[in-house]
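Close look at the chain arrangement
What follows is each chain in one-letter form.
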Amino acid sequence: MTKAQEFMTAVEENNLFNHYSVIALRKENKNLQEDKVNLEFKIFKLEQKLKSCEDFLNNNPHLEGLINNNK
């Protein structure tokens, strides 16, 4: 194999490696985006629960002492 052929083979191998690296990075990015959406939804649900608990305590202030004494 001539030097030019070796060089072109190396360039093609590098291009192929880069191509599959991009595919892998895109897949990982997609997974991370899905994880982010799932975490944002969980945060939203937890914030809703917290708000419900705060509303309950605001509407029932006589229970706050009982709750704090059980900690």
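Please refer to the structure higher up on the page.
Okay, so let's go over this structure. Predicted, not measured: the structure shown is a model, and the values here were computed from it.

Moving on, we get to the overall build of the protein. Of regular secondary structure, the protein possesses two helices and zero strands. Since a compact globule built from 71 residues should have a radius of gyration of about 11 Å, the 28 Å found for the protein marks it as more spread out than a globular shape. Oriented by its inertia axes, the alpha-carbon framework of the protein measures out at about 90 × 20 × 10 Å. Every one of the 71 residues in the protein was classed for burial, and the buried ones make up 1%. Side-chain charges in the protein split into 10 positive and 11 negative, and the spacing between the mean points of these groups amounts to 4 Å.

On the surface, L16, Y20 and I23 cluster together to form a nonpolar patch covering roughly 310 Å² of accessible area. Considering the arrangement of structural elements, one finds L16 in helix α1 (residues 3-59). Look at L16 and you get partly exposed, because its relative accessible area is 47%.

Attention now goes to the pattern of salt bridges. Enumeration over the complete set of coordinates arrives at three salt bridges. Note that K51 and D55 form a salt bridge whose closest N and O atoms lie 2.9 Å from each other. Note that K51 and D55 are positioned in helix α1 at a spacing of four residues, about one turn of the helix. The exposure class assigned to K51 is partly exposed, which follows from its relative accessible area of 43%.

So, how was this worked out
- Residues numbered from 1 in each chain as written.
- Predicted model: local features only at pLDDT ≥ 70, side-chain atom pairs only at ≥ 80, totals over all residues.
- Heavy atoms only, no water.
- Helix = DSSP H or I, 4+ residues; strand = E, 2+ residues; numbered from the N terminus.
- Rg over C-alpha atoms; globule rule 2.2 N^0.38 Å.
- Buried < 20%, exposed > 50% of the residue type's maximum accessible area, 1.4 Å probe, protein only.
- Lys, Arg positive; Asp, Glu negative; His and termini not counted.
- Charge placed at Lys NZ, Arg CZ, Asp CG, Glu CD.
- Patch = residues over 30% accessible without salt bridge, like charges linked within 9 Å, V, L, I, M, F, W, Y side chains within 5 Å.
- Areas by Shrake-Rupley, 256 points an atom, 1.4 Å probe, with all protein chains shown as cover.
- Salt bridge = Lys/Arg side-chain N within 4 Å of Asp/Glu carboxyl O.

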